[in-house]
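# Notes for the structure review
This is what each chain is made of:
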Amino acid sequence: MLDRLKHDSATRHIPVHVISVTDLSQEALEMGAAGYALKPVPREELADALDRLESHFAPGLRRVLVVEDDER
């Protein structure tokens, strides 16, 4: 998904922070991810990641898209 986002001119500017159970941090960062975290991620770490995205990439950011494959 990250690869598709970063290779589309309409979405490549969107900062993406990847959260996964698999450590592919090096690959994700090389593809353009703004950050990477391994699950389980403590709530405070998630809040810090969102704060960094907002302050460094998009002042005034008002929307966040969360993609999750777990129906819960």
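Criteria and cut-off values
- Residues numbered from 1 in each chain as written.
- Predicted model: local features only at pLDDT ≥ 70, side-chain atom pairs only at ≥ 80, totals over all residues.
- Heavy atoms only, no water.
- Helix = DSSP H or I, 4+ residues; strand = E, 2+ residues; numbered from the N terminus.
- Buried < 20%, exposed > 50% of the residue type's maximum accessible area, 1.4 Å probe, protein only.
- Contact = heavy atoms within 4.5 Å.
- Areas by Shrake-Rupley, 256 points an atom, 1.4 Å probe, with all protein chains shown as cover.
- Core = buried A, V, L, I, M, F, W, Y, C linked by side-chain atoms within 4.5 Å.
- Polar contact = N/O pair within 3.5 Å; in protein donor to acceptor, adjacent residues only side chain to side chain.
- pLDDT = per-residue confidence, 0-100.

### Brief notes about the overall build of the protein chain
Along its length, the protein chain carries three helices and two strands. Burial statistics for the protein chain: of 72 residues in total, 19% are counted as buried. Of all intrachain contacts in the protein chain linking residues separated by at least 6 positions in sequence, the fraction that spans at least 24 positions is 23%. On the protein chain, roughly 6,100 Å² of surface is accessible, and the fraction owed to carbon and sulfur atoms is 53%.

### A few points about the nonpolar core
Counting residues in hydrophobic clusters, the biggest one holds six residues: Leu 2, Val 16, Val 18, Ala 28, Ala 33 and Tyr 36. Each residue touching Ala 33, except ones within four places of it in the same chain, is listed here: Leu 2, Val 16, Val 18 and Ala 28.

### Observations concerning the environment of Asp 8
Within the element layout of this structure, Asp 8 appears in the loop between helix 1 (2-6) and strand 1 (17-20). Overall, Asp 8 belongs to the partly exposed group, its relative accessible area being 35%. At a separation of 2.8 Å, a polar atom in the side chain of Asp 8 contacts the main-chain amide nitrogen of Ala 10.

### Description of the confidence of the model for the protein chain
Regions with low pLDDT carry predicted coordinates that are not meant to be interpreted in detail. Averaged over all residues, the pLDDT of the protein chain is 87; the fraction at 70 or higher stands at 89%. Across the protein chain, the secondary-structure element scoring lowest on mean pLDDT is helix 3 (residues 43-57), at 84, and the one scoring highest is helix 2 (residues 25-31), at 96.

### What to know about the side chain of Ser 20
By secondary structure assignment, the location of Ser 20 is in strand 1. At a separation of 3.1 Å, a polar atom in the side chain of Ser 20 contacts the main-chain amide nitrogen of Thr 22.

### Re unusual backbone geometry
With an omega of -5°, the peptide bond between Lys 39 and Pro 40 qualifies as cis. Take Pro 40: it is sitting in the loop between strand 2 (35-38) and helix 3.

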